[in-house]
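# Descriptive structure summary
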Amino acid sequence: MSTHRSGTRTFLVGGGWDAEAARTVYEPFLRAAGESAGTTETAAAPRIGCVVVDEGDGAEQFARYEGVLRKVADCAPVPLLVPLGGRFELGALQGLDGLLVCGGLTPAYEEAFAGCLDQLPSALAEFGIPYAGFSAGAAVAARHAVVGGWLDDGVPVCHEDTAEDLEEIAVRDGFGLVPFAVDVHAAQWGTLPRLIAAVTRKGLAHGVAVDENTVVEVAPDGRARVSGLGRAHSVRPSADGGVLLRSYGAGEFIPTD
C-alpha cells in the first residue's frame, strides 16, 4: 500500500459529458461531500464550490457543472469564478462541503492556484472537504502537474490541439493531493504519449492518464480505484529507459506504492 497521505478524498475526472456516466463519476464525490456536511434527512444539501477560471463565459460554464451535479444528487453548487490571470483565495473554502475544480485551460488553473499550492491540501484536510478535479482540475491535483504541450524536444507526441497553448511538454508544481502525475482525455484526445514522454523525460516516478467519463478515486491512504465508462492508464519508468504501461478498468485498483 502507498505511504502517500493527503488527508482528503480526491476524485480525478478525465473529462467528458456523457449523461450515462454522470452518476457513476460524480456520486461518490457528492456522497463524500454529504458526509462532510453531516447530511441527515433534515440537514441542508451539501455546498459544492465549483472553481471556474473565467475566460469570459464563466457563468455559462458554471451552469453546465451545476446542472450535472444537481441531476446526480441533492446538492447546492456555489460558483467560485476566478478571472483569467487572477488568484483563488483559500477563504472561499469557508462553509463548503466539497470542492470541484473544473475544466478549461490547464496552465490558467495552475496559475490561479499558484499562491496557495502548499496550503490547499492542509486546508481541505482541516475542513474535511473532499476534492474533485475535472480535466484541468484533475491535472493540477498532482504534485508534478502535466499542464500541456505537444512536443518532446521538438518531436510531436500528441495532436497540437491538445497542447493547452503550450509547445514543449510542461510539468509544473501542483497540489500534491495524489501520489502520481495526471493527464486527462487519454483515449479521446490521445494524450497518453504525452504522459509517457513526461515520465521518461521529466524524471517522474509514476503517471496516470484518465479517459473521459472515468474517475479515479484516491483515498487518504493513497489507494486509487477506477470507476466509469473508460480506463485509467498507469505509466512507470522501466529499468531499460522505457516505461511499464498497464490499463485499469472500473472496479480495479491502481498500485500507488
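Quick caveat, the model's predicted, so the values are computed rather than measured.

## What about the pattern of salt bridges?
Scanning all chains against the criterion turns up 11 salt bridges. The shortest N-O distance in the salt bridge between Arg9 and Glu35 comes to 3.5 Å. On the criterion of sequence distance, the pair formed by Arg9 in the segment before strand E1 (10–13) and Glu35 in helix H1 (residues 22–37) is long-range, its members being 26 residues apart. The exposure class of Arg9 is partly exposed, given its relative accessible area of 26%. Take Glu35: its relative accessible area is 52%, and that puts it in the exposed class. Between Arg194 and Asp183 there is a salt bridge, with the nearest N and O atoms lying 2.9 Å from each other. A residue pair is termed long-range when its members are at least 10 positions apart, and Arg194 in helix H7 (residues 192–202) and Asp183 in strand E10 (residues 181–184) qualify at 11 residues. Exposure class is identical for Arg194 and Asp183. Each is buried. The network of salt bridges with common partners includes Arg9, Glu35 and Glu217.

## Quick look at the environment of Gly174
One can find Gly174 in the loop between strand E9 (170–173) and E10. Gly174 gets classed as buried once you look at its relative accessible area, which sits at 0%. Sequence separation between Gly174 and Arg143 is 31 residues, and the spatial gap between their C-alpha atoms is 4.5 Å. Discounting chain neighbours no more than four positions away, the residues touching Gly174 are Leu117, Val140, Ala142, Arg143 and Ala145.

## Concerning the pairing of strand E3 (residues 76–83)
Every regular strand shows the same layout, with side chains that alternate between the two sheet faces. Across eight bridges, the pairing between strand E2 (residues 47–54) and E3 is parallel. From the neighbouring strand, Ile48 faces E3, where its bridge partner is Pro77. Handedness of the E2-helix H2 (residues 58–72)-E3 crossover: right-handed.

## Quick look at the packing of aromatic side chains
This model, assessed by the stated rule, comprises seven aromatic pairs. Pairing Tyr65 with Phe134 gives two aromatic rings, centres 5.3 Å apart and planes at 85°, and the pair type is edge-to-face. Taken together, the residues span a long stretch of sequence, with Tyr65 in helix H2 and Phe134 in strand E5 (residues 131–134) at a distance of 69 residues. Residue classification places Tyr65 among the buried residues on the basis of a relative accessible area of 4%. In this structure an aromatic cluster arises from ring pairing among Phe88, Phe113, Tyr131 and Phe175. Above the face of the Trp17 ring, Arg64 is positioned so that its terminal group lies 3.9 Å from the ring centre. A cation over an aromatic ring shows up here: Arg223 above the ring of Phe253, its NZ or CZ 4.3 Å from the ring centre.

## What about the sheet that holds E10?
One open sheet accounts for four strands, arranged E10-E11-E14-E15; its pairing is mixed. The sheet is open, and its two borders are formed by E10 and strand E15 (243–248), each paired with just one other strand. With direction set aside, neighbouring strand axes in the sheet form an average angle of 20°. In this sheet, E15 lies alongside strand E14 (residues 232–237) in antiparallel orientation, the contact comprising six bridges.

Rules used throughout
Residues numbered from 1 in each chain as written. Predicted model: local features only at pLDDT ≥ 70, side-chain atom pairs only at ≥ 80, totals over all residues. Heavy atoms only, no water. Salt bridge = Lys/Arg side-chain N within 4 Å of Asp/Glu carboxyl O. Helix = DSSP H or I, 4+ residues; strand = E, 2+ residues; numbered from the N terminus. Buried < 20%, exposed > 50% of the residue type's maximum accessible area, 1.4 Å probe, protein only. Contact = heavy atoms within 4.5 Å. Pairing = 2+ DSSP bridges. Right-handed = clockwise from strand over helix to strand, strands pointing away. Phe/Tyr/Trp six-rings, centres within 6.5 Å; stacked < 30°, edge-to-face > 60°. Lys NZ or Arg CZ within 6 Å of the ring centre and 35° of its normal. Axes fitted to C-alpha atoms, helices over the stretch in contact; angles between N-to-C directions.

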